[in-house]
Amino acid sequence: MKPLLHDRGVISRYREYLPVTAATPVVSLNEGSTPLIHSPLLSERAERNVFLKYEGLNPTGSFKDRGMTMAMSKAAESGATTVVCASTGNTSAAAAAYAARAGLKCAVILPSGKISMGKLVQAFVYGATVVAIRGNFDDALRLVRELGSDGSVAVVNSINPFRIEGQKTASFEIIDELGDAPEVHILPVGNAGNITAYWKGYREFHAAGKATRLPHMIGFQAAGSAPIFHDRVILEPETAASAIRIGNPASWQGATVAISESRGCIDIVTDEEILEAQAWLAHNEGIFVEPASAASVAGLFKCLASPAPACPLSSVPAGANIVCTVTGHGLKDSDTAMRGRNYAPIEAEADISSVRRALQA
Ligand code: AN7
């Protein structure tokens with residue numbers, strides 16, 4: 001059989017930078033190679049070149065697939081038969097899909113009532129066992145750590161270092177495409193695995209001579225779920241951006257290091273700012289992302305209008321490159337996108353005059 005063109009996920013693309021060997025069975029759904037979309041309107045507003053790394057175009061609709069191809073391949077290599085994760089929805093979707101692909105059993109522990117329907121249905125259709133706990137994500141992760149402690153199941157949360165390894169490939173792609181690292185990278189922060197992974201990727205490609213600079217990393221948390229910003233655990237995190245409703249991030253330390261080493265900052269955006277940015281992106285750029293993802297663009301707006309004292313953006317010259325990661329697809333959470341909006345079709349008879357009248361209304 002000829003080599004299959006679809007075997008081109010992030011492991012085959014960046015194998016030499018990842019902890020895999022010939023003995024690792026690669027479990028891939030062709031993740032990665034997501035578009036880096038130039039945004040003319042954001043660029044004009046920022047007086048810099050703004051690009052959106054559109055991670056919603058991964059196989060399960062979020063950036064989690066990059067880490068999951070690594071975590072699942074290594075779980076399969078180790079002989080695991082069951083994988084487990086806690087999730088606000090996207091990790092569980094990715095885990096369920098990659099486990100299905102690998103022929104492994106998957107169990108996901110979710111905060112009851114706090115997972116968007118799009119993500120919940122993914123866990124079910126890919127065949128995971130779904131447990132909804134009366135608690136939040138942080139409780140779910142604590143329970144998953146306990147489940148994993150006797151070695152009977154493989155934990156595929158980002159406390160699994162292979163997840164971070166896979167996710168760092170997003171930085172590689174950005175450098176490969178721009179020819180260098182951007183001056184500034186902005187992304188949403190929940191459990192803080194992604195900011196940790198991006199920073200690792202940027203550092204590694206810089207060390208390999210593929211980039212001449214390192215970006216300032218700017219993370220945005222939702223105002224009601226901002227433990228890193230406030231420097232304390234938030235016991236009852238709340239936000240409409242359910243993906244980042246996390247009060248005690250596992251990679252807190254990694255985020256702190258990324259922010260300090262890169263001379264970046266961590267800041268917050270309100271739910272209102274997040275939902276406004278979500279609608280703005282869809283309306284003006286044709287890019288529909290989920291609420292948590294819009295935190296990066298809401299954050300860019302904030303950096304321009306009322307920056308935090310430590311915000312590095314003002315020191316970055318005009319014409320520099322800014323990348324905002326938009327982490328997940330808008331269709332993941334259509335309920336939140338509809339909420340508070342008057343989205344209803346104009347009813348019309350199936351005749352031309354009726355339709356013309358509707359169009360003039
Ligand atoms: C769309 O799925 O934590 O800071 O369990 O789904 O690396 O946690 C999701 C997180 C941003 C935050 N955007 O990334 C989970 C989960 C979206 C997300 C984040 C998440 P991290």
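Quantities reported herein were computed from a predicted structural model and do not represent experimental measurements. (Residues numbered from 1 in each chain as written. Predicted model: local features only at pLDDT ≥ 70, side-chain atom pairs only at ≥ 80, totals over all residues. Heavy atoms only, no water.)

(A) Structural view of the overall build of the chain. Assigned secondary structure in the chain consists of 15 helices and ten strands. For 361 residues, the compact-globule estimate of 2.2 N^0.38 gives 21 Å, and the chain sits close to it at 20 Å. In the chain, which comprises 361 residues, the proportion classed as buried is 57%. Once local pairs closer than 6 in sequence are excluded, the contacts in the chain between residues at least 24 apart make up 72%. Carbon and sulfur atoms make up 53% of the accessible area of the chain, which totals about 15500 Å². Looking at charge distribution, the chain has the averaged site of its 32 positive side-chain charges lying 4 Å from that of its 35 negative ones. (Helix = DSSP H or I, 4+ residues; strand = E, 2+ residues; numbered from the N terminus. Rg over C-alpha atoms; globule rule 2.2 N^0.38 Å. Buried < 20%, exposed > 50% of the residue type's maximum accessible area, 1.4 Å probe, protein only. Contact = heavy atoms within 4.5 Å. Areas by Shrake-Rupley, 256 points an atom, 1.4 Å probe, with all protein chains shown as cover. Lys, Arg positive; Asp, Glu negative; His and termini not counted. Charge placed at Lys NZ, Arg CZ, Asp CG, Glu CD.)

(B) Region of the structure containing helix α13 (residues 291–305). The terminal C-alpha atoms of α13, which comprises 15 residues, lie 20 Å apart, in line with the 21 Å expected from a rise of 1.5 Å per residue. Buried residues dominate α13, accounting for 13 of its 15 residues. (Expected span 1.5 Å × (residues − 1).)

(C) Spotlight on the sheet that holds strand β3 (residues 82–86). An order of β5-β4-β3-β6 is seen for the four strands of this open sheet, with the pairing classed as parallel. The open sheet terminates on both sides in strands that have one partner only, identified here as β5 (129–133) and β6 (154–155). Where β3 meets β6, two bridges bridge the pair, whose relative direction is parallel. Considered in β6, the bridge of Val84 is made with Val155. (Pairing = 2+ DSSP bridges.)

(D) Looking closely at the pairing of strand β7 (residues 184–188). Taken across its five residues, β7 has five buried, putting it largely inside the fold. Of the two faces of β7, the one holding Val184, Ile186 and Pro188 and the one holding His185 and Leu187 are both buried throughout. A crossover links β7 with its parallel partner strand β8 (residues 216–222), the connecting element being helix α9 (residues 193–207), and its sense is right-handed. Strand direction decides the pairing type here: β7 and strand β10 (residues 321–326), joined by three bridges, are parallel. Bridged to His185 within β10 is Val323. (Right-handed = clockwise from strand over helix to strand, strands pointing away.)

(E) Expanded view of the sheet that holds strand β9 (residues 265–269). Strand order in the open sheet formed by six strands is β1-β2-β10-β7-β8-β9, with mixed pairing between adjacent strands. For this open sheet the edge positions go to β1 (36–38) and β9, each flanked by a neighbour on one side alone. With strand direction ignored, the average angle separating the axes of adjacent strands in the sheet is 25°. In this structure, β1 lies alongside strand β2 (residues 49–54), joined through three bridges in antiparallel fashion. Across the sheet, Ile37 pairs through a bridge with Leu52, a residue of β2. Each of β2, β8, β9 and β10 is contacted by helix α12 (residues 271–285), which is oriented at about 90° to β9, the strand it contacts most. (Axes fitted to C-alpha atoms, helices over the stretch in contact; angles between N-to-C directions.)

(F) View of a nonpolar patch on the surface. On the surface, Ile352, Val355 and Leu359 cluster together into a nonpolar patch covering about 310 Å² of accessible area. Residue Ile352 is classed as exposed on the basis of its relative accessible area, which comes to 56%. (Patch = residues over 30% accessible without salt bridge, like charges linked within 9 Å, V, L, I, M, F, W, Y side chains within 5 Å. Salt bridge = Lys/Arg side-chain N within 4 Å of Asp/Glu carboxyl O.)

(G) Representation of the environment of Pro35. Within the secondary structure, Pro35 sits in the loop between α1 (10–13) and β1. Accessibility expressed as a relative area gives 29% for Pro35, which makes it partly exposed. Once the C-alpha coordinates of Pro35 and Pro345 are considered, the two residues, 310 residues apart in sequence, prove to be 31 Å apart. Those residues within four positions of Pro35 in sequence are excluded, and the remaining contacts are Leu52, Lys53, Tyr54 and Leu57.

(H) Seen up close, unusual backbone geometry. One non-glycine residue with positive phi stands out, namely Ser33, at about 50°. When you line up the elements, Ser33 lands in the loop between α1 and β1. A positive phi angle, close to 75°, is found at Ala192, a residue other than glycine. Secondary-structure assignment places Ala192 in the loop between β7 and α9. Ala192 sits in the buried class, given a relative accessible area of 4%.

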